[in-house]
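# Coordinate inspection notes
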Amino acid sequence: MDHFNYLNGQLYAEEVAVSEIADAVGTPFYLYSTATLLRHYGLVTTALDGLDHLVCYAVKAASNQAILRTLVNAGAGMDVVSAGEYLRAQAAGVASQKIVFSGVGKTAAEIATALDGGLRQFNVESEPELELISTIAASKGLTVPITIRVNPDVDAKTHAKISTGKAENKFGVPISQSREVYARAAKMPGLKIVGVDVHIGSQLTDLAPFEKAYRKVSELTGVLRSDGHEITRLDLGGGLGIPYAPSDEAPPHPSEYGKLIKDIFKRLNCEIQVEPGRLIVGNAAILVASVISCKSTDAKNFLVLDAAMNDFLRPAMYNAWHEIIPIQQPEEHAEEIRYDVVGPVCETSDSFACDRVLPSLCSGDLVAFRSTGAYGAVMASEYNSRPLIPEVLVNGKNYAVVRPRPSIEDMIDRDIIPQWLCSSSSD
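For every chain, the first residue of the written sequence is number 1, and numbering continues from 1 along that sequence. This being a predicted model, a pLDDT of at least 70 is required before a residue's local features are given, and a value of 80 or more before pairs of side-chain atoms are given or counted; all residues contribute to the totals for chains, interfaces and linings. Note: side-chain values were computed over all heavy atoms of the structure, leaving out hydrogens and water.

## Some thoughts on the overall build of the protein chain
A count of helices and strands for the protein chain gives 12 helices and 21 strands. Against the globule reference of 22 Å for 427 residues, the protein chain gives a C-alpha radius of gyration of 24 Å, in line with a compact fold. With respect to the principal axes defined by its C-alpha atoms, the protein chain has extents near 70 × 70 × 40 Å. The buried label applies to any residue whose accessible area, calculated with a 1.4 Å probe on protein chains only, is under 20% of its type's maximum; exposed applies above 50%, and partly exposed to all values in between. Here the protein chain holds 427 residues, and 54% of them are scored as buried. Two residues form a contact once any of their heavy atoms are found within 4.5 Å. In the protein chain, 70% of the contacts between residues at least 6 apart in sequence involve partners at least 24 apart. Split by element, the accessible area of the protein chain, about 18800 Å² in all, is 50% carbon and sulfur. For the protein chain, the distance from the average position of its 38 positive side-chain charges to the average position of its 52 negative side-chain charges is 8 Å. Only runs of H or I of at least four residues qualify as helices and only runs of E of at least two qualify as strands under DSSP, and these elements are numbered from the N terminus. We compute the radius of gyration from the C-alpha atoms alone; for a globule the expected value is 2.2 Å times N to the 0.38, where N is the number of residues. Working definition of accessibility: Shrake-Rupley area with a 1.4 Å probe, residue cover restricted to the visible protein chains. His is not counted here, nor are the chain ends, while Lys and Arg score as positive and Asp and Glu score as negative. Just so you know, the charge point we use is NZ for Lys, CZ for Arg, CG for Asp and CD for Glu.

## What about unusual backbone geometry?
Here the bond from threonine 27 into proline 28 is cis, since omega is -5°, no more than 30 degrees from zero. Relative to the assigned elements, proline 28 resides in the loop between helix 1 (18-25) and strand 4 (29-33). Within the chain, glutamate 14 stands out as a residue other than glycine whose phi angle is a positive 55°. Note on placement: glutamate 14 falls in the loop between strand 2 (10-13) and strand 3 (16-17).

## As for the packing of aromatic side chains
Ring pairs shown here join Phe, Tyr and Trp side chains whose ring centres sit within 6.5 Å, with only the six-membered ring taken for Trp; geometry is labelled stacked below 30 degrees between planes, edge-to-face above 60, and tilted in between. As enumerated under the stated definition, the model contains 8 aromatic pairs in all. Taken together, a centroid distance of 5.6 Å and an interplanar angle of 55° make the contact between tyrosine 214 and phenylalanine 265 tilted. Here the residue tyrosine 214 occupies a position in helix 8 (residues 208-226), and phenylalanine 265 occupies one in helix 9 (residues 254-265), the gap between them amounting to 51 residues. Taken as a pair, tyrosine 214 and phenylalanine 265 share a single burial class, namely buried. Positioned over the ring face of tryptophan 321 is arginine 356, at 4.0 Å from the centre of the ring. Geometrically, a lysine NZ or arginine CZ counts as sitting over a ring once it is within 6 Å of the ring centre and also within 35 degrees of the ring normal.

## Some points on the environment of glycine 118
You can see glycine 118 is positioned in the loop between helix 5 (108-117) and strand 8 (121-124). Taking relative accessible area as the criterion, glycine 118 reaches 22% and is therefore assigned partly exposed. As for glycine 118 and valine 100, which are separated by 18 residues in sequence, their C-alpha atoms are 10.0 Å apart.

## Remarks on the pattern of salt bridges
Throughout this description, the term salt bridge denotes a Lys or Arg side-chain nitrogen within 4 Å of a carboxyl oxygen of Asp or Glu. Evaluated as defined, the whole model comprises 17 salt bridges. Two residues, arginine 370 and aspartate 2, come together in a salt bridge whose shortest N-O distance is 3.0 Å. Here the residue arginine 370 occupies a position in the loop between strand 19 (366-369) and strand 20 (391-395), and aspartate 2 occupies one in the segment before strand 1 (4-7), the gap between them amounting to 368 residues. When its relative accessible area of 15% is taken as the criterion, arginine 370 is described as buried. Classification of aspartate 2 as buried rests on a relative accessible area of 18%. For aspartate 227, the salt bridge goes to arginine 179, with nearest N and O atoms at 2.8 Å. Of this pair, aspartate 227 sits in the loop between helix 8 and strand 12 (233-235) while arginine 179 is found in helix 7 (residues 178-186), placing the two residues 48 residues apart along the sequence. Look at aspartate 227 and you get partly exposed, because its relative accessible area is 35%. In this structure, a network of salt bridges that share partners links the residues Asp2, Glu323 and Arg370.

## Quick word on the nonpolar core
Here, nonpolar core refers to any group of buried Ala, Val, Leu, Ile, Met, Phe, Trp, Tyr and Cys residues whose side-chain atoms link them within 4.5 Å. Counting residues in hydrophobic clusters, the biggest one holds 102 residues, and the most contacted among them are Tyr57, Met78, Phe122 and Tyr214. Apart from residues lying up to four places away in sequence, tyrosine 214 is in contact with Val198, Leu236, Tyr257, Leu260, Ile261, Ile264 and Phe265. Core analysis: the next-biggest nonpolar cluster, separate from the first, contains 18 residues, Ala13, Val16, Ile21 and Leu31 among them.

## Thoughts on a nonpolar patch on the surface
What makes a patch is a set of residues exposed beyond 30% relative accessible area and free of salt bridges, joined within 9 Å when like-charged and within 5 Å when nonpolar (Val, Leu, Ile, Met, Phe, Trp, Tyr). Taken together, Ile417, Trp420 and Leu421 make up a surface patch of nonpolar side chains, about 420 Å² in accessible area. One can find isoleucine 417 in the segment after helix 12 (408-413).

## Concerning helix 7
The α-helix advances 3.6 residues per turn, and as a result positions three or four apart in sequence lie on the same side. Every buried residue of helix 7 is accounted for by Ser178, Val181, Tyr182 and Ala185. For helix 7, the angular spread of buried residues about the axis comes to 100°, placing them on one side. In this structure, the buried side of helix 7 is in contact with helix 6 (127-139), strand 9 (144-151), strand 10 (173-174), strand 11 (191-197) and helix 8. Directions from the helix axis toward the C-beta atoms define the arc.

## Considering the side chain of arginine 386
Summarising the element assignment, arginine 386 is placed in the loop between strand 19 and strand 20. On the accessibility criterion, arginine 386 (19% relative accessible area) is buried. Throughout this description, a polar contact denotes any pair of N or O atoms lying within 3.5 Å of each other; where both atoms belong to protein, one of them has to be capable of donating a hydrogen while the other can accept it, and for residues adjacent in sequence the pair is counted only when both atoms sit in side chains. A distance of 2.8 Å separates a polar side-chain atom of arginine 386 from the backbone oxygen of aspartate 306. A distance of 2.8 Å separates the side chain of arginine 386 from the side chain of aspartate 311, its partner in a polar contact.

## Concerning helix 5
Among all positions in helix 5, only Glu110, Ile111, Ala112, Ala114 and Leu115 are buried. Those residues of helix 5 that are buried are in contact with helix 4 (83-91), strand 7 (99-101), strand 8, helix 6 and strand 9. Positive backbone phi, approximately 90°, marks glycine 118, located one or two places after helix 5.

## Quick word on the environment of histidine 3
Mapped onto the fold, histidine 3 is located in the segment before strand 1. Spatially, the C-alpha atom of histidine 3 lies 31 Å from that of tyrosine 383, the residues being 380 residues apart in sequence. For histidine 3, the residues in contact, after removing those within four places along its chain, are Tyr12, Ala13, Glu14, Ser33, Ala35, Thr36 and Arg39. Looking at histidine 3, its side chain comes within polar contact range of the side chain of threonine 36, at 2.9 Å.

## Some thoughts on a negative patch on the surface
Judged by side-chain charge, Glu409, Asp410, Asp413 and Asp415 come together as a negatively charged surface patch. Assignment of secondary structure puts aspartate 410 in helix 12.

Put into C-alpha cells, the structure is as follows:
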C-alpha cells in the first residue's frame, strides 16, 4: 500500500496534486510520501513486537536526510556501508549507538571515522578486516562491539546481481569457518564480540531462503555460546521484497516474516536487529517525468521522456519492471497504444519499458513510475552532463524540495582546468 492515488481525475501524493508539484519544481523529479514511509516502518517494527529488537534502516536504499530524519523521529536506527553514509546518518540526527556499520570493504579511514564518532557495532566481513579494526581500535584505546557476518551458502532465488548469501558471493565468512574466525577475534585487542550477522540478498519474495539461513544462524549461536562467546545480538539483515507489478504475487507480509523470526530465535533470548531498506522506502516514492515526444517507426511506437537512465538506473541495470501511469487519470475507454518507453540519453540501454500498453499520450503529458524509492535517486549520475534531479517530500497537505536541482552551470563549474591548459597557444 502507498499514498499515491487518483482523486478527481488527477494523481495525488497524499493530499497534494502531483501536477501542482511538477508545475513548481519542473520534471523529472522524485516524490516521496511521508505517510508511506512511516506506515512501512511501522509494519516492520510491529512484526517484531515481543522481541527485544531494533529496526536499522538500510541507508543505501535512499539516503536523503529528510527521509532519514523522518525514520529517526519514528525510532529507527541506521545501517550504513560507507563513511559518507555514516556521516549523513549523523547529520540527520541518528544517535551513534543506533548506527550499524556494514560493508564488504571498509577502509582504514572509514573505520577510524566511525570509531571517533561512535557506533553500535561493526558487521565484520573478513579476517583481514578483523585485524584492521582491532589495530585501529587498540591504537585509540577503544573497544568496539562487533558481529561477524557469516555466509550461510543459501540461494535466495533473487536477481543474480543482488544475491549475497551464496558461497561464490563476495560477502561474509563461510559459515563452515566461522568458529575459527570467532576464536581469533576473541583474542584480538580492541574488539568485543556481541553477536552474529547474516544477510542473504535483496528483493526476496519467499520466506524459505530466510528460514534456511536463519536456522543455520540459530544452530551456530548455540555452538558459539558453547565455545565461550557471549552472543547477545543477532543481526538478520534485510531483503524482504515488495510488489512492483500489479500482477506480481504478493511477497510475504512483514508479520509473516516477524513470526518466522520469533519461531526460530525467541528461545535464544537475543536482541534482534533487522536492516530493511527497500521494504520501507521502495513503494514510498514515484519518479515523475514529462513526455518529450511520441515517435513512430515501422517497428515501434516510442514514448520519449525527459527522464533517463542516469536519473533512474534500475531498468537498464537489472531489467527491473516498474509500473508507469499517467498523472491525469485515463477515461474508462481511452485509446491505448503499445509503447517502448525510453529516455533521451545516447544509449540503447536508456529504456524503461518495452511494448508497454499505455493510454495514448502527447508531448507535455506527465507520467509517474511507481515504486522508485529504493535505489532510485541514490544511483543517479550526471551522465551526458545531465544535472541530478530534485527530490521532494510530501507530508499531508505540505511538500518541500529536499534536494534541489543544480544548474548546468553549477555542474560545469565543479571542473578545474589546470594552469598549463590555460596558456594561449602562442606562449
